[in-house]
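# Structural characterization, general
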Amino acid sequence: MQDLSRLTATGHAIQLAVAPVFLLSGVSAMLAVLTNRLARIIDRGRAVEVGLLGAVPGAAPAMRQELAVLSQRARLINWAISLCTVCALLVCAVIVALFLGPFLQLDLSAVVAWVFIAAMITLCSGLVSFLREIFVATRHLRIGEP
């Protein structure tokens, strides 16, 4: 009978951990978007730097300005990546706590709640940083300009 109750506790722990695992999947998809965006910013920055070496004197200030904007965007995306990574780590900690609690017969509900709140705060902060990067990118967008 003791084995059946442990099996039930294990099943319940798995049920509790499923929702954070889905959250972890979403955060990892977000990280993929952010890293792809950072790679594009870096590629554009390298192309502008190469073009700056052979640029005519009149074009150099605009290219330097674009490099400054790209640098600002890269910093914002870097913050977003860092915050989303911390969120993923905190969600992993929630999952571990959800499994450890029943096995160690500890009440980790307060720990789980606080770590989950911290995960949501870091995710929201990462998304705000991403949104700021989008605003910077669109503010400096030059479609159709020579």
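Conventions adopted
Residues numbered from 1 in each chain as written. Predicted model: local features only at pLDDT ≥ 70, side-chain atom pairs only at ≥ 80, totals over all residues. Heavy atoms only, no water. Helix = DSSP H or I, 4+ residues; strand = E, 2+ residues; numbered from the N terminus. Rg over C-alpha atoms; globule rule 2.2 N^0.38 Å. Contact = heavy atoms within 4.5 Å. Areas by Shrake-Rupley, 256 points an atom, 1.4 Å probe, with all protein chains shown as cover. Lys, Arg positive; Asp, Glu negative; His and termini not counted. Charge placed at Lys NZ, Arg CZ, Asp CG, Glu CD. Buried < 20%, exposed > 50% of the residue type's maximum accessible area, 1.4 Å probe, protein only. Salt bridge = Lys/Arg side-chain N within 4 Å of Asp/Glu carboxyl O.

Turning our eyes to something else, we now look at the overall build of the protein chain. Per the secondary structure count, the protein chain includes 3 helices and 0 strands. Along the protein chain, from the amino end to the carboxyl end, the secondary structure elements read α-α-α. In terms of C-alpha radius of gyration, the protein chain reaches 23 Å, well past the compact-globule figure of 15 Å for 146 residues. With respect to the three principal axes, the spread of C-alpha positions in the protein chain is 85 × 25 × 20 Å. Relative to all contacts within the protein chain whose residues are 6 or more apart in sequence, the contacts with residues 24 or more apart total 80%. In the structure as shown, the protein chain presents an accessible area of about 9500 Å², 69% of it carried by carbon and sulfur atoms. Computing the positive centroid from 11 side-chain charges and the negative centroid from 7, the protein chain places the two 9 Å apart.

Quick look at the side chain of threonine 122 now. Along the chain, the position of threonine 122 falls in helix H3 (residues 109-139). Using a relative accessible area of 13% as the deciding quantity, one classes threonine 122 as buried. With residues near it in sequence (within four places) discarded, threonine 122 still touches Leu83, Val86, Cys87 and Leu90.

If charged atoms from side chains of opposite charge come close, those side chains can pair. One pass over the full model with this rule turns up 3 salt bridges. The salt bridge involving arginine 37 is made with glutamate 133; its shortest N-O contact spans 2.5 Å. Pair noted here: arginine 37 is in helix H1 (residues 2-53) and glutamate 133 is in helix H3, with a separation of 96 residues, a long-range link. For arginine 37, a relative accessible area of 26% puts it in the partly exposed group. Arginine 44 serves as the salt-bridge partner of glutamate 66, at 2.7 Å between the closest nitrogen and oxygen. Of this pair, glutamate 66 sits in helix H2 (residues 60-104) while arginine 44 is found in helix H1, placing the two residues 22 residues apart along the sequence.

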